[in-house]
Amino acid sequence: MAQLDFHVNFPGIVSETLAVASNGTLSFVPMSPSDSVSFNKLNFYMSAGSNATFTLSIGLYSLTGSTLSITNSMSRSITLSNFRGYVSLSATSVAQNITPGTWWLGLLVSTGGNSSVAFVGQSFVNPGNAFPGGFIGGRMTDSTNALPASYATSNLDVTGTDAMSVPTIILTA
Amino acid sequence: MANVQLNVFENFPVLASVVNLVNQNSLLVQGIELPGSISFNNVVVLFQGQGTTAKTATLSLGLYSRTGNTLSLANSASMSTAPTANTLQWITLATSATQNLTPGNWFLACLWTTSGSNNMSLAGNQGGKPAVGAAYGGMFVHGFLSVSTSALPASIATSDLSREGVSTDINFNRYPYVLISA
């Protein structure tokens, strides 16, 4: 078993600007390292308009049955202006060497009303029905101001572009 | 995860399009994650040439491992071709040594040069609008060598590599499609 130095969710560079992040809306996206990797430095490709101040809170969740449970988190408050690049987070709440398999990142952007913050990554087509298989990601329909300790996947919206699009993520040791 | 022996590895799971790799003598470096072992034997790229003008393309592909802040050349593969008609074809690179690669992170470094005509390209990742505001943090993952080179370096200090996020040149965000099959 190898110890990875990094894991990227897209091997190639994808750079579509996704839907503008909604204030207080939590989205869950998958991350599946093939081997263990330290949950140390997490990078998101983001864009922002003029003087965008926001807080990015990231939860690392495991899935048991249909319940997502938080195991770690990072947070950063930042002001960006006319920006298109990487936002790095490194303040893990607990040092953790995550094991191989599928984990879930909960992405919460608290914009304070600013409407020009967006993730950049891979957009998705807009199917009219909910994803019919196992959970592959989704977003909360209710607003929240904090990462929940646990969340039922049945309460997530799993329909359409806004729920299925995935930002570019680079995790490094 | 148990160490499995792979038969196929692609640096991109989906072949996007044919792109021009126009930055000659620029070493493009892409970190990859091998989920299992695979023999570095049959290394294949997809080449396109257009027109009848005499021309030659040379690709050197370096396989690097990392120790600390240094990438070290572990293996390499190369090809040279001089098409005289329109073509879109698979080309198998000649590897310097057969090696069973172990699971984990490796780095593919691409050095592309042409002469006679620029009407040649490799299939690869289209790239897209580059990140220019800030590079990613942490360990080096992908980018390019900040100085020109005519050969694969035996070792590269990661501090000499520019990360995605520092160049507005889209060509530094493009990597060739590489398929390794046992």
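Structure report, in brief. Computed from a predicted structure; not experimentally measured.

### What about the sheet that holds strand β5 (residues 36-38) of chain A?
All names here are of chain A.
- Taken in spatial order, the three strands of this open sheet run β1-β5-β10, and their pairing is mixed. Looking at the sheet topology across the chains shown, the edges are occupied by β1 (3-4) and β10 (97-98).
- Where β5 meets β10, two bridges bridge the pair, whose relative direction is antiparallel. Each residue of the ladder has a partner; that of V37, found in β10, is I98.

### Quick notes on the nonpolar core
- The biggest cluster of nonpolar side chains holds 92 residues, and the ones touching the most others in it are M46 and L105 of chain A together with A109 and C110 of chain B.
- Per element, the largest residue contribution to this core is seven residues, and it comes from strand β10 (residues 104-115) of chain B.

### Let's talk about the pairing of strand β8 (residues 67-80) of chain A
Residues and elements named next belong to chain A.
- Bridge count between strand β7 (residues 52-64) and β8: 13 bridges; the pairing is antiparallel. Note on β8: the bridge partner recorded for Y61 is I70.
- Following β7, the chain reverses through two residues before pairing antiparallel with β8; G65 in that reversal takes a positive phi of roughly 65°.
- For β8 and strand β14 (residues 150-152), the ladder comprises three bridges, and the chain directions are antiparallel. The partner of T67 across the bridge, within β14, is A152.

What counts and what doesn't
- Throughout, a residue's number is its position along its own chain's written sequence, starting from 1.
- Whichever chain is written first is A, and whichever ligand is written first is 1; the rest continue in order.
- Whole-chain, interface and lining totals are the exception, using all residues; otherwise, since this is a predicted model, local features are given only for residues with pLDDT of at least 70 and side-chain atom pairs are given and counted only at 80 or more.
- We call two strands paired when DSSP finds no fewer than two bridges between them.
- For helices the rule is a DSSP run of H or I covering at least 4 residues; for strands it is a run of E covering at least 2, with both sets numbered from the N terminus onward.
- Throughout this description, the term nonpolar core refers to a group of buried Ala, Val, Leu, Ile, Met, Phe, Trp, Tyr and Cys residues whose C-beta atoms join them within 7 Å.
- Using C-beta atoms placed from the backbone, we call a residue buried if 20 or more other C-beta atoms fall within 10 Å of its own, exposed if 12 or fewer do, and partly exposed for counts in between.

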